[in-house]
Amino acid sequence: MPVHVLLEGTGPQIPAHLTRIPISLITTSTDVTDKIVKGKVVHKGPLVPLNNDSFILKMVIQEEDSMLNSSSQNSSVNVVLFGSLAKNFSQSANQGDVVVASGFTVGKSPTVHKDNLHPCNLLLTEDGACIYVLRPVLPNPRSPPANKRRSPVSAELSSAKAPKYTYAKLDSLKAGSVVNVYGVVVFFKQPFKSRGTDFCSSLKITDHSNEKIGCTIFCEKLEDHPKIFRNGDIVRMHRVKAQVFNKSITLVNTFGFSVVTFDGVKGAPVEPRTSSRSFHFDPDDQRTVEELRSWAASQALFASVTSTVPLSAVQPKAYFDLTCQLLAKAPVDTTCTLLRVWDGTRCPHTLLKVIVEPHVTEGQLSFSKERENLIADVLVYDNHVEVARKLKPGVFLRIYNLRAIAGSSTVPGLTRSQLQVDHLAFHLHGGTSYGRGIGILPDNSPDVQELKRVIEAFQENDEEALSELNDSDLLEVWKTPPESLDGGTLDCSTERSCGHDMQKVTLSEVKRSGLGRVHHVRAQLKAYEPHRLHEALKLYCSKCKSMQDVPDDELLESIFSEASKDCGPCSPPPWVLSGQVSLPRHAPGPSNRALTVYLLTQLMFEGKTKDVILLMGSTLEEMCQLMASYQNIIPVRASGGHLSLFDLSAPFLFRGRKRYYGSEINLTH
């Protein structure tokens, strides 16, 4: 068995003729005969099945003694396991275990510029390679308690359980070093979606050296990013790598990265902000935070750092940060979402009120007149729409770089009768420039506690106030007709105003008139096209100039269903590896259904298993279920014993919400 689980101090141990080599000293020319590497598994990838009952698994190990050393570099390396070795390791080891590997070969890492790890990979196959998983011996609960007097060795081991981290000054960073740092935030951006699967945070920090260092953090989960709420907050980052970008030192996260943030206000409680359930924090850390607070408070650099601006102090054309509570939200269109917020103060300017349909609104629909005067409508655009979609009414927000604009001519969704040129509108434009974004504040935040006190000072009885609303009030708020007591119907129509001083003409007169003239007609609608919305769009090929209808989902479903019935054996090309993927648990249909997938060999060995897959035998609904897990999906079918694309009536590529179609000229060239 190529994987051995060893209990420290008992049973068989690692062969004595093997000698350990530091990971940082390994190169492609290093003689690794009878050499071993030892490290902690900081990342364990999934077991991926290949052809002929073979498997592949990728993990990252890091030397334990380098995790506390801020000057270590190239101490984390990718390890790729093949065959039964990968399968046995997947069943025997866990992330966090300490492992020893022998019999490996060394190859160049194709992902060194992406993951910032060791420039080499360690490759282990079932022929000659071996992995030892080291496990500590668990104490016997029935054994008598140990003697209170401990030997010097046991005392040393006990004290070693509390790690002692060293922290580098920002003016002493060297390119390539992996360090632990403290810093005061002078600029930050809220996490935003990157081009890949991760979210990205960008910030700039400084310390007593007055050196300003930029930091870029990529994490798949939002909760793993630093929880920064304002400039002046303090961050502590473990295991970040210094590298040169645009002739300046920047910090990026590596495997094992962790971050804790603190309020930067002098005298405030030192309460760590982190999603980690276990993190190191001792009196030395508290002293460091308090020293940075005192230093930051004495610097003129932070004299211009102001708190957020309340609605009562907002001025037109200004950019500002707003701390508020979300009361309701509603989509305006695909690129804009309305947030209805308040902070307990009243804006001195007349605010724009955006009218939306009640059935698309999430949160409270109606408010008393007094509270309505305190509510501001905020329009968020583009990349912020995705963040707004996840917000729940009632949460406390900080909206960064919000803009106050007089006039509503650029507000989407407003009809001519709703234009309010002299009213103040709040816009959160797309992008992340100047830290633009939306952050959720925790309930224990001092800013939230102060906001709650202001809001609680506003006393009202909503039920009594709402009972005073009459039909005309509701009509003004929602622009919907009131219900009639006698059950009669009210005719509704949508009109576009025009100059009624023009004389009405007949349609025959319009047809006889010249081009470019404006007419006023009154006519009855007899027919219209298209009858379905998707028919208003066409597929157009710029090469062959052909144009065709976009197929609806019913047609595509029938194409995919028909293709899923024909999944006979086929010979895949040599540049792909076959496997299977299971549907998500929440997907409809049989829970144990697995689909055939093909992975590109080159991307497979680069660790990019989520970039592109070829999928065979799925329905359209199953394809849509898997789109959330893979960046690009190419549907294929078996034809004559070989893989082939679908015909032109179906998309040849699914990328997120986009579908790509082909044309005859693209297939013939």
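- With an unreviewed UniProt entry as reference, the protein chain is termed Protection of telomeres protein 1, source organism Maylandia zebra.

Comments concerning the nonpolar core
Here's step 1: Counting 34 residues, the largest nonpolar core has Leu173, Val181, Leu203, Ile205, Met237 and Leu251 as the members making the most contacts within it.
Here's step 2: Formed jointly, this core draws a minimum of three residues from each of two domains, domain 2 (177-299) and domain 3 (311-410 + 419-461).
Here's step 3: Apart from the residues lying within four places of it in its own chain, the contact partners of Leu251 are Leu173, Val179, Val181, Ile213, Gly214, Cys215, Thr216, Met237, Val240, Lys241 and Ala242.

Thoughts on the sheet that holds strand β13 (residues 213-219)
Here's step 1: A barrel is described by the order of its strands in space; here five strands give the closed sequence β11-β12-β13-β15-β14, paired in mixed fashion. Pairwise comparison of adjacent strand axes, ignoring direction, gives a mean angle of 50° for this sheet.
Here's step 2: Pairing geometry for β13 and strand β15 (residues 248-262), over three bridges, is parallel. Paired with Cys215 across the bridge in β15 is Leu251.

Examining the confidence of the model for the protein chain
Reading fine detail from the predicted coordinates is not recommended where pLDDT is low.
Here's step 1: Of the residues in the protein chain, 80% reach a pLDDT of 70 or more, and the chain-wide mean stands at 78.
Here's step 2: For residues 460-492, every residue scores under 50 in pLDDT, and the model assigns this stretch 30 contacts once sequence neighbours within four places are set aside.

Examining the pattern of salt bridges
Here's step 1: Evaluated as defined, the whole model comprises 13 salt bridges.
Here's step 2: When the shortest N-O distance is used, the salt bridge between Asp284 and Arg287 registers 2.2 Å. In this pair, Asp284 and Arg287 are both assigned in helix α4 (residues 283-298), three residues apart and thus about one turn of the helix distant.
Here's step 3: In this structure Asp284 comes out as partly exposed when scored by relative accessible area, which is 29%.
Here's step 4: Taking the relative accessible area as the measure of exposure, Arg287 reaches 43% and is therefore partly exposed.
Here's step 5: Salt-bridge contacts for Arg453 lead to Glu450; the nearest nitrogen and oxygen are separated by 2.6 Å. In this pair, Arg453 and Glu450 are both assigned in helix α7 (residues 446-456), three residues apart and thus about one turn of the helix distant.

Examining empty space enclosed by the protein
Here's step 1: Per the counting criterion, the structure on display carries one cavity of 30 Å³ or more.
Here's step 2: What lines the largest cavity is a set of 12 residues, and nearest its centre among them are Ser75, Ser76, Asn116, Leu117 and Val178.
Here's step 3: Taken together, the residues that form the lining of the largest cavity break down as three nonpolar, eight polar and one charged.

Points about the pairing of strand β20 (residues 396-406)
Here's step 1: Within β20, eight of the 11 residues are buried, which leaves it mostly tucked inside the rest of the structure.
Here's step 2: The sheet contact formed by strand β16 (residues 319-333) and β20 spans six bridges and is antiparallel. In the strand pairing of β20, Phe320 is matched with Leu402.
Here's step 3: Pairing of β20 with strand β22 (residues 437-440) involves four bridges; the strand directions are antiparallel. The partner of Leu397 across the bridge, within β22, is Ile440.
Here's step 4: Taken together, the four bridges between β20 and strand β21 (residues 424-428) define a ladder with antiparallel strand orientation.

Points about the side chain of Arg239
Here's step 1: Relative to the helices and strands, Arg239 resides in strand β14 (residues 234-245).
Here's step 2: Accessibility expressed as a relative area gives 9% for Arg239, which makes it buried.
Here's step 3: Looking at Arg239, its side chain comes within polar contact range of the main-chain oxygen of Gly256, at 2.5 Å.

Some details on the packing of aromatic side chains
Here's step 1: Tallied over the full model, the rule gives six aromatic pairs.
Here's step 2: Seen from their ring centres, Phe188 and Tyr400 are 5.3 Å apart, and the 85° between their planes marks the pair as edge-to-face. Taken as a pair, Phe188 in strand β11 (residues 178-193) and Tyr400 in strand β20 lie far apart in primary sequence, 212 residues in all.
Here's step 3: The exposure class of Tyr400 is buried, given its relative accessible area of 4%.
Here's step 4: Taking the ring centre of Tyr630 as reference, the NZ or CZ of Lys610 above it sits at 4.7 Å.
Here's step 5: Sitting above the plane of the Phe646 ring, Arg637 keeps its charged end 5.5 Å from the centroid.

About the thresholds
- Residues numbered from 1 in each chain as written.
- Predicted model: local features only at pLDDT ≥ 70, side-chain atom pairs only at ≥ 80, totals over all residues.
- Heavy atoms only, no water.
- Core = buried A, V, L, I, M, F, W, Y, C linked by side-chain atoms within 4.5 Å.
- Buried < 20%, exposed > 50% of the residue type's maximum accessible area, 1.4 Å probe, protein only.
- Domains from an automatic or database assignment.
- Contact = heavy atoms within 4.5 Å.
- Pairing = 2+ DSSP bridges.
- Helix = DSSP H or I, 4+ residues; strand = E, 2+ residues; numbered from the N terminus.
- Axes fitted to C-alpha atoms, helices over the stretch in contact; angles between N-to-C directions.
- pLDDT = per-residue confidence, 0-100.
- Salt bridge = Lys/Arg side-chain N within 4 Å of Asp/Glu carboxyl O.
- 1 Å grid on protein atoms, 1.4 Å probe; cavity = no way out; pocket = protein on both sides within 12 Å on 5 of 7 lines; lining within 4 Å.
- Points joined across faces, edges and corners; volume = space filled by probe spheres on them.
- Nonpolar A, V, L, I, M, F, W, Y, C, P; charged D, E, K, R; others polar.
- Polar contact = N/O pair within 3.5 Å; in protein donor to acceptor, adjacent residues only side chain to side chain.
- Phe/Tyr/Trp six-rings, centres within 6.5 Å; stacked < 30°, edge-to-face > 60°.
- Lys NZ or Arg CZ within 6 Å of the ring centre and 35° of its normal.

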